[in-house]
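# Structure at a glance
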Amino acid sequence: MSANFVERSEFMVILYTSPGCASCRKAKQWLKDNNIEFVEKNIFTSILDKDEIKYILSRCENGTEDIISVRSKAFTSLKKDINDLSLNELVDLIQKNPSILKRPIMISKQSLVVGYDSDEITTMVPPELRNIISDSCTSDCPSFELCGSVRQECTECC
């Protein structure tokens, strides 16, 4: 799979997971519960290609610290300084040692979310759908007292 896959599929989410990862299971369930189309990739059974890794790295706002778990046993056992690696060396390292990646990683055309955070994961909802949701709750809505006031607080503070 190449980075073009994400670009072509505007609302598709790619969910990078590993077996036994509780946060990965939560993220997967959240996507299902919210009817968000996604493709799951187990980082241990499907080898990430170099372009895919470069694309993920290019989407990180804070550099490698967004997706590399440098304090993990898997990374420290490699005895590498991440700052000494070229981009190609880093890509090779990730490809050969996918366990150094933080998980889950969710990526869409609009967002990159690493780990499971109940607030951050909402960025996986397409903007068009977020607008529909925010416009649909009016004072006639039975839940307006709760969600309308929360939305009002958010617009006042931002």
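In case you missed it, the structure is sitting above this.
Remember, it's a predicted structure, so these values are computed and weren't measured experimentally.

## Digging into unusual backbone geometry
The linkage connecting arginine 103 with the following residue, proline 104, adopts the cis geometry, with an omega of -5 degrees. Along the polypeptide, proline 104 turns up in the loop between helix H5 (87–96) and strand E3 (105–107). In this structure, asparagine 35 takes a positive phi of about 55 degrees despite not being glycine. Phi is positive for lysine 79, which is not a glycine, with a value near 55 degrees. Among the structural elements, lysine 79 can be located in the loop between helix H4 (73–76) and H5.

## Notes on the pattern of salt bridges
Tallied over the entire structure, the rule returns three salt bridges. Salt-bridge contacts for lysine 28 lead to glutamate 40; the nearest nitrogen and oxygen are separated by 2.8 Å. Here lysine 28 is found in helix H2 (residues 22–33), whereas its partner glutamate 40 is found in strand E2 (residues 38–42), with twelve residues between them in sequence. For lysine 28, a relative accessible area of 26% corresponds to the partly exposed category. Note on glutamate 40: relative accessible area 36%, which makes it partly exposed. Residue lysine 50 pairs with aspartate 92 through a salt bridge whose shortest N-O separation is 2.3 Å. Of this pair, lysine 50 sits in helix H3 (residues 50–58) while aspartate 92 is found in helix H5, placing the two residues 42 residues apart along the sequence. Classification of lysine 50 as partly exposed rests on a relative accessible area of 38%.

The rules behind these values
Residues numbered from 1 in each chain as written. Predicted model: local features only at pLDDT ≥ 70, side-chain atom pairs only at ≥ 80, totals over all residues. Heavy atoms only, no water. Helix = DSSP H or I, 4+ residues; strand = E, 2+ residues; numbered from the N terminus. Salt bridge = Lys/Arg side-chain N within 4 Å of Asp/Glu carboxyl O. Buried < 20%, exposed > 50% of the residue type's maximum accessible area, 1.4 Å probe, protein only.

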